[in-house]
Amino acid sequence: MNHRGTPLKKKRFGLAAAVAVTSAVLVSAATVSPYATAATATSAASAATGQARSKPVVTHVRTVASFDFAVGDAPENVTLNPDGSLTVSMLGGSAGGRPALVRVDASGRHREVLVAGQPGDMITGNTRGHDGSVYYNVSSADAARSGVWKLPLGGSPRRIAALPAGELPNGLAIDPAGHTLYLAESFKGAVWTVPVSGGTATRWLTDASLTPDQAAPLPLGANGLRFHNGAVWVSNFSKGTLLRVPVTATGSAGRVHVVADAVVGIDDFNFLSGRSDVVFAALNSLDEIAVIYPNGAKRTVLTKADGLASPTATVVRGQRLYITDGGFAESRDAKLQQGKINFSALFGGGGGGGGGGGGATV
């Protein structure tokens, strides 16, 4: 998460804070994807040489729902639900208001506040369990609230694991078995695990690749996080990297693979599908959405000209791409957007993106 124009006061953690999450992931060569073929890599690479950029990858971009930044409704993260609705984390504290978890229906016309947080706290990553429970991170100066929370279906929220009050829990994901939650911590740079049944949070991985670049304007390290194809994928905001960490048979972390670098402003991200390693990444500080291909090529597909306003996260369902916009810039244009993915353009030779895209780079 990134707060451009909205500085976070350090009284909370004694650390320089500004919050914005983005993350983009690339595929490892060992992962097989029905969409990521050698031909795909070749066409993406050819786009990097400046060949035809005629077809936009994402079209029909529109605002599904608008939010009030002034009351804390700055969308930070999003999860798709089986019924087509979306669960959106509202940051709250950094936007000067109260954090919340909100469910928005597919049309955007109906919304429901699932959880109203405490003023001054922030609700960051959220994910969904197999039983419909919603898990979410709370960043708080109060040690009694900082940590991972669970909202059972039809129940009341409760904290299932505590985290140190001086840290920033950010991206959150659940493993396919539904047993373990993985979260990215941004201030110090680490990946933690928490059992879904609750208990002690454990530092699963500490590595230099996860730590912030302290010389960066916004020193946030591990930021967005997804569990995908047997690995934990993490973005490092200040270093502009996308990382893939295989989960071993014993559940420990394997060797860290840098799958993309020079991804400036990468916040949260998501994949084209559960089997594809093509990534749609929100580049918060650039007001862009980028596609990252399995060979490492990057392609801008949406820009500020498409209405982007501090994009924080993406999620894909079929041909639909959803984008949360935090609205941190002066416009305060917090919203949920939707676009249509053009698969032929995505895997064709064109290097341009919708609304003024750019060329791919390898």
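Here is what the cut-offs are and how they apply
- Residues numbered from 1 in each chain as written.
- Predicted model: local features only at pLDDT ≥ 70, side-chain atom pairs only at ≥ 80, totals over all residues.
- Heavy atoms only, no water.
- Helix = DSSP H or I, 4+ residues; strand = E, 2+ residues; numbered from the N terminus.
- Buried < 20%, exposed > 50% of the residue type's maximum accessible area, 1.4 Å probe, protein only.
- Contact = heavy atoms within 4.5 Å.
- Areas by Shrake-Rupley, 256 points an atom, 1.4 Å probe, with all protein chains shown as cover.
- Phe/Tyr/Trp six-rings, centres within 6.5 Å; stacked < 30°, edge-to-face > 60°.
- Pairing = 2+ DSSP bridges.
- Axes fitted to C-alpha atoms, helices over the stretch in contact; angles between N-to-C directions.
- pLDDT = per-residue confidence, 0-100.
- Polar contact = N/O pair within 3.5 Å; in protein donor to acceptor, adjacent residues only side chain to side chain.

1. Concerning the overall build of the protein chain
A tally of helices and strands in the protein chain yields two helices and 24 strands. Among the 362 residues that make up the protein chain, the fraction classed as buried is 60%. For the protein chain, long-range pairs separated by at least 24 residues make up 55% of all intrachain contacts whose partners lie at least 6 apart in sequence. When the accessible surface of the protein chain is summed, it comes to about 13,000 Å², and 53% of that surface belongs to carbon and sulfur atoms.

2. Some remarks on the packing of aromatic side chains
Taken as a whole and assessed by the stated rule, the structure comprises six aromatic pairs. Arranged with centres 5.4 Å apart and planes meeting at 45°, the rings of Tyr 182 and Phe 227 form a pair that is tilted. Linking Tyr 182 in strand S11 (residues 180-185) with Phe 227 in strand S14 (residues 222-228), this pair joins segments that are 45 residues apart in sequence. Exposure class is identical for Tyr 182 and Phe 227. Each is buried. On the numbers, 5.1 Å between centres and 75° between planes, the contact of Trp 233 with Phe 271 is edge-to-face. Residue Trp 233 is found in strand S15 (residues 231-236), and its partner Phe 271 is found in strand S18 (residues 266-271); the two are separated by 38 residues along the sequence. Linked through ring pairs, Tyr 182, Trp 204 and Phe 227 together constitute an aromatic cluster.

3. Quick notes on the sheet that holds strand S22 (residues 311-317)
Here four strands make up an open sheet; going across it, the order is S1-S24-S23-S22 and the pairing antiparallel. Each of the sheet's edge strands pairs with one partner strand only, and the pair in question is strand S1 (58-66) and S22. For this sheet the average axis-to-axis angle between neighbouring strands, irrespective of direction, equals 20°. The sheet contact formed by S22 and strand S23 (residues 320-325) spans six bridges and is antiparallel. The partner of Arg 317 across the bridge, within S23, is Arg 320.

4. Observations concerning unusual backbone geometry
In this model, Asn 229 sits at a positive phi of 50°, which is unusual for a non-glycine residue. Its relative accessible area of 32% is what places Asn 229 among the partly exposed residues. Even without being a glycine, Ala 262 presents a positive backbone phi close to 55°. Residue position: Ala 262 is located in the loop between strand S17 (257-260) and S18.

5. What to know about the confidence of the model for the protein chain
The predicted model of the protein chain averages 84 in pLDDT, with 81% of residues at 70 or higher. When the criterion is pLDDT under 50, residues 4-52 qualifies, and its contacts beyond four places in sequence or with other chains add up to 164 contacts. Counting contacts from residues 350-362, a segment whose pLDDT is below 50, to residues more than four positions away or on other chains yields 56 contacts.

6. Regarding the side chain of Asn 137
Mapped onto the secondary structure, Asn 137 falls in strand S7 (residues 134-139). Overall, the relative accessible area of 0% leaves Asn 137 in the buried class. Within the structure, the side chain of Asn 137 is placed 2.8 Å from the backbone oxygen of Asn 170, a separation counted as a polar contact.

7. Digging into the sheet that holds strand S10 (residues 169-174)
Pairing is antiparallel in the open sheet, where four strands are placed in the order S10-S11-S12-S13. The sheet is open, and its two edges are formed by S10 and strand S13 (202-205), each paired on a single side. Strand-to-strand twist in this sheet, taken as the mean axis angle between neighbours without regard to direction, amounts to 35°. With three bridges joining them, strand S12 (residues 190-195) and S13 adopt antiparallel strand pairing. Each residue of the ladder has a partner; that of Thr 193, found in S13, is Thr 202.

8. Focus: the environment of Pro 152
Relative to the assigned elements, Pro 152 resides in the loop between strand S8 (147-151) and strand S9 (158-162). Residue class for Pro 152 comes out partly exposed when judged on its relative accessible area of 25%. Taking the C-alpha atoms as reference points, Pro 152 and Gly 132, separated by 20 residues in sequence, lie 7.0 Å from one another.

9. Observations concerning the pairing of S18
With six of six residues buried, S18 lies mostly within the body of the structure. Pairing of S18 with strand S19 (residues 279-283) involves four bridges; the strand directions are antiparallel. Across the sheet, Asn 270 pairs through a bridge with Phe 280, a residue of S19.

10. Re the environment of Val 263
With respect to the element layout, Val 263 can be found in the loop between S17 and S18. For the pair Val 263 and Leu 283, spaced 20 residues apart in sequence, the C-alpha to C-alpha distance is 7.7 Å.

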